[in-house]
Amino acid sequence: MNEDHPIARVEPLLLIAIGGFVGATLRYAVSATLPGGFPWGTLAVNALGSFALGLLLYEARLTDLLSAETRLTLGTGLLSSFTTYSTFAVETTALDPAMALVNVGANYALGFLAVIAARAVTRGSLP
């Protein structure tokens, strides 16, 4: 099927939609299971999602075993819906200033560390 065929143009949208549905549902489930008072759910999904995206991208880069469709479904669909910057921003503004700084620092630090850990895992050793 060539790229100009209508189904070929719709397929990426369907893959992203399927992944997005699963990612958003998982995000809700994680947030619903963690205690309130601090945005633990958003922190958890952002850190986990950063690790998973790191695994996906480093594995794809190193082994080239994942198809473009798999990367699209998991990376653009599932993981972009699982993680959330907008909820992070809204929840952060609702916190008192000291806790807002803790939340920002924790989200960025854990996100970066998760990607570094994913890179180490895909290379077969932790730093």
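Computed from a prediction, not measured in an experiment: that's the story for all the values here.

Can you walk me through the overall build of the chain in this structure?
A count of helical and extended segments in the chain gives five helices and zero strands. The order of helices and strands in the chain, counted from the N terminus, is α-α-α-α-α. The dimensions of the chain, computed from C-alpha atoms along their principal axes, are 55 × 35 × 20 Å. Looking at the 127 residues of the chain, the share that counts as buried comes to 30%. The contacts of the chain with a sequence gap of at least 6 include a subset with a gap of at least 24, amounting to 69%. By element, 70% of the accessible surface of the chain is carried by carbon and sulfur atoms, the whole surface being about 8000 Å². Computed over 6 positive and 8 negative side-chain charges, the separation of the two mean positions in the chain equals 7 Å.

Where do I start with a nonpolar patch on the surface in this structure?
Side chains of Val-10, Leu-14, Ile-18, Phe-21, Val-22 and Leu-26 sit close together on the surface and give an oily, nonpolar patch of about 560 Å² of accessible area. The topology assignment puts Val-10 in helix α1 (residues 6-33).

Hey, could you run me through the nonpolar core in this one?
It is characteristic of soluble globular proteins that their nonpolar side chains tend to be buried jointly. In this structure, Phe-38, Leu-43, Leu-95, Ala-100 and Ala-106 together form the largest nonpolar core, which totals five residues. Phe-38 has contacts with Leu-43, Leu-95, Met-99, Val-102 and Asn-103, leaving out every residue within four places of it along the chain.

Would you mind going over the layout of surface pockets with me for this structure?
One simple way to see leftover space: roll a probe sized like a water molecule over the atoms. Estimated volume of the largest pocket: approximately 250 Å³. For the largest pocket, the full set of lining residues is Asn-46, Ser-50, Thr-83, Thr-84, Tyr-85, Phe-88, Asn-107, Tyr-108, Gly-111, Phe-112 and Val-115. Of all the elements, helix α5 (residues 97-122) adds the most residues to the lining of the largest pocket, at five residues. Tallied by class, residues from the lining of the largest pocket come to five nonpolar, six polar and no charged.

How do you make sense of the UniProt feature "transmembrane region" (unreviewed entry) in the chain when you look at a structure like this?
Within this numbering scheme, the UniProt entry marks residues 12-31, 37-58, 70-88 and 100-121 as carrying the feature "transmembrane region" (unreviewed entry). Between the C-alpha atoms that bound residues 100-121 the distance is 31 Å, and the span itself is 100% helix and 0% strand.

Honestly, the side chain of Thr-122 in this entry has me stumped. Any pointers?
Within the secondary structure layout, Thr-122 lies in helix α5. Looking at Thr-122, the relative accessible area reads 17%, which means it is buried. Residues within four places of Thr-122 in sequence aside, it is in contact with Leu-55, Tyr-58, Glu-59 and Leu-62.

Calculation rules
- The residue count restarts for each chain, going from 1 along the sequence in the order it is written.
- Given that this is a predicted model, residues contribute local features only at a pLDDT of at least 70 and side-chain atom pairs are listed and counted only at 80 or more, while totals for whole chains, interfaces and linings are drawn from all residues.
- Think of the side-chain values as coming from all heavy atoms in the structure, minus any hydrogens and water.
- Working definition: helices are DSSP H or I runs of at least four residues, strands are E runs of at least two. Numbering for both runs from the N terminus.
- Burial classes follow relative accessibility: with a 1.4 Å probe on protein chains only, a residue under 20% of its type's maximum area counts as buried, one over 50% as exposed, and anything between as partly exposed.
- Contact between two residues is taken to exist if any of their heavy atoms lie within 4.5 Å; hydrogens are not considered.
- Residue burial considers only the protein chains on display, and all accessible areas are found by Shrake-Rupley using a 1.4 Å probe.
- The charged-residue count follows a simple rule in which Lys and Arg add positive charge and Asp and Glu add negative charge, with His and chain termini not counted at all.
- By convention, charge coordinates are those of NZ in Lys, CZ in Arg, CG in Asp, or CD in Glu.
- Any residue with relative accessible area above 30% and no salt bridge may belong to a patch, with like charges joined within 9 Å and the nonpolar Val, Leu, Ile, Met, Phe, Trp and Tyr side chains within 5 Å.
- When a carboxyl oxygen of Asp or Glu lies within 4 Å of a side-chain nitrogen of Lys or Arg, that pair is called a salt bridge.
- In plain words, nonpolar cores are sets of buried Ala, Val, Leu, Ile, Met, Phe, Trp, Tyr and Cys residues tied together by side-chain atoms within 4.5 Å.
- A cavity here means a set of 1 Å grid points, computed over protein atoms only, where a 1.4 Å probe fits but cannot escape. A pocket is an open set with protein on both sides within 12 Å along at least 5 of 7 lines, and lining residues have an atom within 4 Å of a point.
- Grid points are joined across faces, edges and corners, and a volume is the space filled by probe spheres set on the points.
- By the convention adopted, Pro, Cys, Tyr, Trp, Phe, Met, Ile, Leu, Val and Ala count as nonpolar, Lys, Arg, Asp and Glu as charged, and the other residues, Gly among them, as polar.
- UniProt positions are given in the numbering used here, feature names are shortened, and annotations may be inferred rather than shown by experiment.

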